[in-house]
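# Breakdown of the fold
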Amino acid sequence: MDGSYTFERLENELDNGYQIYFDYVGNRYLLFKTTENCYTQKLISVHSKNPQPRMLMITHKRVEEIFPFMENIEYKVRD
């Protein structure tokens, strides 16, 4: 990821109702804001040799921790 995409921008997009798709540790995820300081992270890709939880509730702090490792970030307006 280049330096032009900041955590503040990601945070603002989540606050404005965008859904964020990203790759993290070889898996594709969907992230969206559920409530204040609470986000839903859904597993999009499925690898039978690397089972991961299909859906997690994560905090703002966790989003900030994984942000530097997110790749191929895409977003769309929530349906």
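Let me sum up the structure you'll find in this document. Values in this document were obtained by computation on a predicted structure and should not be read as measured data.

Turning to the overall build of the protein, a few remarks are in order. Looking only at helices and strands, the protein has 2 helices and 5 strands in total. In sequence order, the protein lays out its α and β elements as α-β-β-β-β-α-β. Computed over C-alpha atoms, the radius of gyration of the protein comes to 12 Å, within 12% of the 12 Å expected from 2.2 N^0.38 for 79 residues, which places it in the range of a compact globule. Across its three principal axes, the protein shows a C-alpha extent of roughly 35 × 30 × 25 Å.

Moving on, we come to the pattern of salt bridges. Counted according to the given criterion, the structure contains 6 salt bridges. Glutamate 74 is paired through a salt bridge with arginine 28; the nearest N and O atoms lie 3.3 Å apart. Of this pair, glutamate 74 sits in strand S5 (residues 71-77) while arginine 28 sits in strand S2 (residues 27-35); the two residues are 46 residues apart in sequence, bridging distant segments of the chain. In this structure glutamate 74 comes out as partly exposed when scored by relative accessible area, which is 45%. Residues joined in a network through salt bridges with shared partners are Asp15, Lys33 and Glu36.

Before going further, it helps to examine the packing of aromatic side chains. Counted according to the given criterion, the structure contains 4 aromatic pairs. Seen in terms of ring centroids, phenylalanine 7 and phenylalanine 67 are 5.6 Å apart; in terms of plane orientation they differ by 70°. Their pairing is edge-to-face. Pair noted here: phenylalanine 7 is in helix H1 (residues 7-15) and phenylalanine 67 is in the loop between helix H2 (60-66) and S5, with a separation of 60 residues, a long-range link. Just as phenylalanine 7 is buried, phenylalanine 67 falls in that class too. An aromatic cluster is present here, built from Tyr5, Phe7 and Phe67 joined pairwise through their rings.

So, how was this worked out
Residues numbered from 1 in each chain as written. Predicted model: local features only at pLDDT ≥ 70, side-chain atom pairs only at ≥ 80, totals over all residues. Heavy atoms only, no water. Helix = DSSP H or I, 4+ residues; strand = E, 2+ residues; numbered from the N terminus. Rg over C-alpha atoms; globule rule 2.2 N^0.38 Å. Salt bridge = Lys/Arg side-chain N within 4 Å of Asp/Glu carboxyl O. Buried < 20%, exposed > 50% of the residue type's maximum accessible area, 1.4 Å probe, protein only. Phe/Tyr/Trp six-rings, centres within 6.5 Å; stacked < 30°, edge-to-face > 60°.

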